[in-house]
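What the coordinates show
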Amino acid sequence: SVSATKKSDAASTTTQFQQALKQHLRNILSDHATSNQKNDIYSNNFPACVNEEEQGYLEIRLLVLPCKDISRPTNMDFKKNKERRKRRRFQGPADTQAGGDALVNRQENILRESNLDFLSIAEVERSVNQTDSGESLSSWFSDISSSASTCDLHVIINRRPIYVRSMYTKSRRDVSQSPFYVTDNDSGKLVKLGITSVEEQIIPTLEKIFGGVSKTNNNSAAGLVFGRIKFHASGREDMNVRMILPPPESPSGNNVGGRPFVCQAIDTLRLPSAKQLLSAVQSINYPHAFAMVNSLTEHQNGDDPDFHRTYGENQNGVGIDSNLIFCPAKDFSTLQADTESKVKYYGCRCWSKAVLPSSEELQKKLASSLPIQLEQRTPVRVMHRRPNIIRNRSILSLQCTRVDDHNFRLHLSTSAGTYVKEFVHGDLGRTKPSIASLLGTTTDILQLDCEGIQLS
């Protein structure tokens with residue numbers, strides 16, 4: 001019973017100490033904040049989700065460490081926490097690990113720099129619960145309380161994640177969605193494909209309006225990057241596939257837009273206003289004052305009649321919808337699941353080995369029994385990273401136009417996840433039916449555009 005009492009006293013003292021520090025810290029921050037700063041976060045500039053989820057709020061924690069001359073308590077069986085499993089996230093030529101936790105990263109940095117080895121509260125509690133060591137712990141608390149040595153206080157501050165969402169278009173066939181690297185056969189080194197990526201055109205601009213990203217809570221020794229802005233899109237298109245808006249005469253109407261995306265800003269230096277979000281849209285869509293990747297003479301889309309079926313006029317082909325807004329955290333985690341129920345619209349230019357009949361005959365052969373139910377086995381081109389299974393997909397609408405004896409255009413809408421390229425050429429019989437099987441000849445796809453995604 002004595003041991004149990006000592007354990008209770010130690011836990012109570014720890015809790016009281018934490019509460020006193022929190023209240024003292026609140027008082028300090030309140031004294032130093034102006035009235036405008038106190039009221040700004042509750043202004044009408046931010047939607048309800050920002051305040052309800054405390055997006056962009058500062059998390060302030062105190063790390064209390066004993067001085068070097070304070071020894072551990074004796075006669076206690078302490079076991080260190082298991083080293084957490086390291087997760088890697090490929091980001092190009094160098095592998096970086098997932099960012100972890102700001103407190104853990106700073107804790108490890110401080111210990112490494114000061115050469116300290118300390119006990120966490122969790123380790124002490126586990127030892128007390130596993131052994132009858134309450135008296136030993138109580139004696140140790142008494143010793144350090146009467147010691148002339150003091151503790152070291154470290155303030156750890158990080159900003160809670162902020163979420164913004166919009167839609168993007170991509171008008172070039174040499175721009176990937178995220179940085180795209182392949183291994184060079186000759187040198188064995190990673191080589192980047194494409195002139196840029198959608199992610200690279202959006203994230204740096206967002207970083208500016210967020211005031212930059214803090215590097216304080218990174219763990220450089222372990223290769224952990226905590227502060228960063230993560231880009232997450234609703235599906236992806238191949239690099240050589242454009243993501244554009246539907247043509248004006250499209251029957252899909254106003255219910256179709258670009259590809260939705262959500263960005264998660266972790267540990268940024270400020271929470272931007274709605275006005276600053278709008279300025280980011282302008283910087284991305286009309287970057288006339290910014291450096292271009294290629295010169296205007298190298299950009300071929302200016303002569304393309306579809307060039308203006310995009311958001312803005314970014315020479316590098318990337319634009320975002322003007323409605324760049326704050327959003328709930330769940331939008332980031334459910335974005336991929338939400339796209340599974342969306343209809344996708346495509347336009348493509350195709351080739352036929354046999355001479356083509358009239359547009360009317362083509363339409364009759366290809367679209368006489370809509371919707372077309374497909375059985376698509378995993379395409380050969382992605383078998384190295386996808387399980388070899390059969391997926392059931394649907395062609396919901398299809399419009400075919402003959403261009404000349406061997407070329408024709410298709411405009412179609414499909415269920416999410418349809419492999420359109422394989423629907424055209426059949427993928428060695430792995431997609432049934434296909435344009436090739438319906439026409440009874442060899443066909444291939446020359447160019448493919450995603451012409452919008454259903455919004456609701």
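As the structure is a prediction and not an experimental result, all values here were calculated from the model.

**A look at the overall build of the chain**
The helix and strand tally for the chain stands at 12 helices and 21 strands. Each of the 456 residues in the chain was classed as buried or not, and the buried ones make up 43%. Look at the contacts in the chain between residues 6 or more apart in sequence, and 79% of them connect residues 24 or more apart. Looking at the chain as shown, the accessible area adds up to about 24,900 Å², and 50% of this sits on carbon and sulfur atoms.

**Re empty space enclosed by the protein**
Counted according to the given criterion, the structure contains 1 cavity of 30 Å³ or more. Each pocket or cavity is described by its volume, and for the largest cavity that value is around 30 Å³. If you go around the largest cavity, you meet 11 residues; those closest to its centre are T310, Y311, G312, N314 and G317. A breakdown of the residues in the lining of the largest cavity according to their chemical character gives 3 nonpolar, 7 polar and 1 charged.

**Looking at the pairing of strand β7 (residues 180–183)**
For a regular strand, the rule is simple: side chains alternate between the two faces of the sheet. Inspection of the sheet shows β7 paired to strand β8 (residues 190–193) by 4 bridges, in the antiparallel sense. In the strand pairing of β8, F180 is matched with L193. Hairpin connection between β7 and β8: a loop of 6 residues separates the two successive antiparallel strands, and G188 in this loop has a positive phi of roughly 80 degrees.

**Let's talk about helix α4 (residues 102–114)**
Since there are 3.6 residues in each turn of an α-helix, residues three or four apart along the chain are aligned in direction. In a regular helix each residue adds 1.5 Å, so 13 residues correspond to 18 Å; α4 covers 18 Å between its end C-alpha atoms and thus fits that length. Taken as a whole, α4 has its buried residues at A102, N105, R106, N109, I110, L111 and S114. Where α4 begins, the side chain of D101 points an oxygen toward the backbone nitrogen of L103, at a separation of 2.9 Å.

**A word on the pattern of salt bridges**
One pass over the structure, following the stated rule, counts 15 salt bridges. Close ionic contact of E59 with R160 constitutes a salt bridge, the shortest N to O distance being 3.0 Å. Highlighted residues: E59 in strand β1 (residues 58–66) and R160 in the loop between β4 (151–159) and β5 (162–170), separated in sequence by 101 residues. By relative accessible area, which is 27% here, E59 ends up partly exposed. Residue R160 is classed as partly exposed on the basis of its relative accessible area of 25%. K192 is the salt-bridge partner of E200, the closest N and O atoms lying 2.6 Å from each other. Given a relative accessible area of 30%, E200 falls into the partly exposed group. Each of D238, R381, K421 and E422 takes part in a single network of salt bridges with overlapping partners.

**With respect to the pairing of strand β13 (residues 259–266)**
Of all 8 residues in β13, 8 are buried; the element is thus mostly enclosed. One ladder, built from 7 bridges, connects β5 with β13; its direction is antiparallel. Opposite R165, over in β13, you have V262 as the bridge partner. Sheet analysis places strand β10 (residues 228–233) next to β13, joined by 6 bridges and oriented antiparallel. Bridge pairing links R228 to I266 in β13.

**What to know about the confidence of the model for the chain**
Averaged over the chain, the pLDDT score is 82; the fraction of residues at 70 or greater is 74%. The spread of mean pLDDT over the elements of the chain runs between strand β2 (residues 88–90), the lowest at 48, and β5, the highest at 97. Predicted confidence is poor over residues 1–6, with pLDDT under 50, and the contacts of this stretch with residues over four places away or in other chains come to 5 contacts. Contacts for the low-pLDDT stretch residues 289–302, under 50 throughout, to residues beyond four places or in other chains number 20 contacts.

**Observations concerning the environment of I162**
Take I162: it is sitting in strand β5. In this structure, the C-alpha to C-alpha distance between I162 and P328, residues 166 residues apart in sequence, is 8.8 Å. Dropping the residues within four chain positions of it, I162 is found in contact with Q55, G56, F210, C263, Q264, A265, T268, R270, L271 and F326.

**Topic: the packing of aromatic side chains**
How two aromatic rings sit relative to each other is given by the distance of their centres and the angle of their planes. One pass over the structure, following the stated rule, counts 5 aromatic pairs. With centroids separated by 6.3 Å and ring planes inclined at 50 degrees, the aromatic side chains of Y168 and F231 adopt a geometry described as tilted. On the criterion of sequence distance, the pair formed by Y168 in strand β5 and F231 in strand β10 is long-range, its members being 63 residues apart. Here a set of aromatic residues connected by ring pairs shows up, and it is made of Y168, F231 and F261.

**Re the nonpolar core**
Ranked by size, the top nonpolar core spans 55 residues in total, and within it I202, L206, F231, L398, F408, L410 and I435 carry the most contacts. For this core, the element with the highest residue contribution is helix α7 (residues 198–209), accounting for 5 residues. In this structure, F231 is in contact with Y168, Q177, V198, E199, I202, I203, F261, V262 and C263, ignoring residues within four places of it in sequence.

**As for a nonpolar patch on the surface**
On the surface, L58, V155 and I157 cluster together into a nonpolar patch covering about 250 Å² of accessible area. Looking at the element boundaries, L58 is found in strand β1.

**Things to note about the packing of α7 against helix α8 (residues 274–285)**
At a closest axis distance of 10 Å, the pairing of α7 and α8 adopts a crossing angle of 145 degrees. As for how α7 packs across α8, the hand of that crossing is right-handed. Where α7 approaches α8, its residues Q201, I202, T205, L206 and I209 are matched on the opposing element by Q276, L277, S279, A280, S283 and I284.

**Side note on unusual backbone geometry**
A cis amide bond, omega -5 degrees, links L370 with the succeeding residue P371. Put simply, K432 and P433 share a cis peptide bond, and its omega is -15 degrees. As for its position among the elements, P433 is in the loop between β20 (431–432) and α12 (435–439). In this structure, E54 takes a positive phi of about 55 degrees despite not being glycine.

Calculation rules
Residues numbered from 1 in each chain as written. Predicted model: local features only at pLDDT ≥ 70, side-chain atom pairs only at ≥ 80, totals over all residues. Heavy atoms only, no water. Helix = DSSP H or I, 4+ residues; strand = E, 2+ residues; numbered from the N terminus. Buried < 20%, exposed > 50% of the residue type's maximum accessible area, 1.4 Å probe, protein only. Contact = heavy atoms within 4.5 Å. Areas by Shrake-Rupley, 256 points an atom, 1.4 Å probe, with all protein chains shown as cover. 1 Å grid on protein atoms, 1.4 Å probe; cavity = no way out; pocket = protein on both sides within 12 Å on 5 of 7 lines; lining within 4 Å. Points joined across faces, edges and corners; volume = space filled by probe spheres on them. Nonpolar A, V, L, I, M, F, W, Y, C, P; charged D, E, K, R; others polar. Pairing = 2+ DSSP bridges. Expected span 1.5 Å × (residues − 1). Polar contact = N/O pair within 3.5 Å; in protein donor to acceptor, adjacent residues only side chain to side chain. Salt bridge = Lys/Arg side-chain N within 4 Å of Asp/Glu carboxyl O. pLDDT = per-residue confidence, 0-100. Phe/Tyr/Trp six-rings, centres within 6.5 Å; stacked < 30°, edge-to-face > 60°. Core = buried A, V, L, I, M, F, W, Y, C linked by side-chain atoms within 4.5 Å. Patch = residues over 30% accessible without salt bridge, like charges linked within 9 Å, V, L, I, M, F, W, Y side chains within 5 Å. Axes fitted to C-alpha atoms, helices over the stretch in contact; angles between N-to-C directions. Left-handed = near helix turned anticlockwise from the far one by under 90°.

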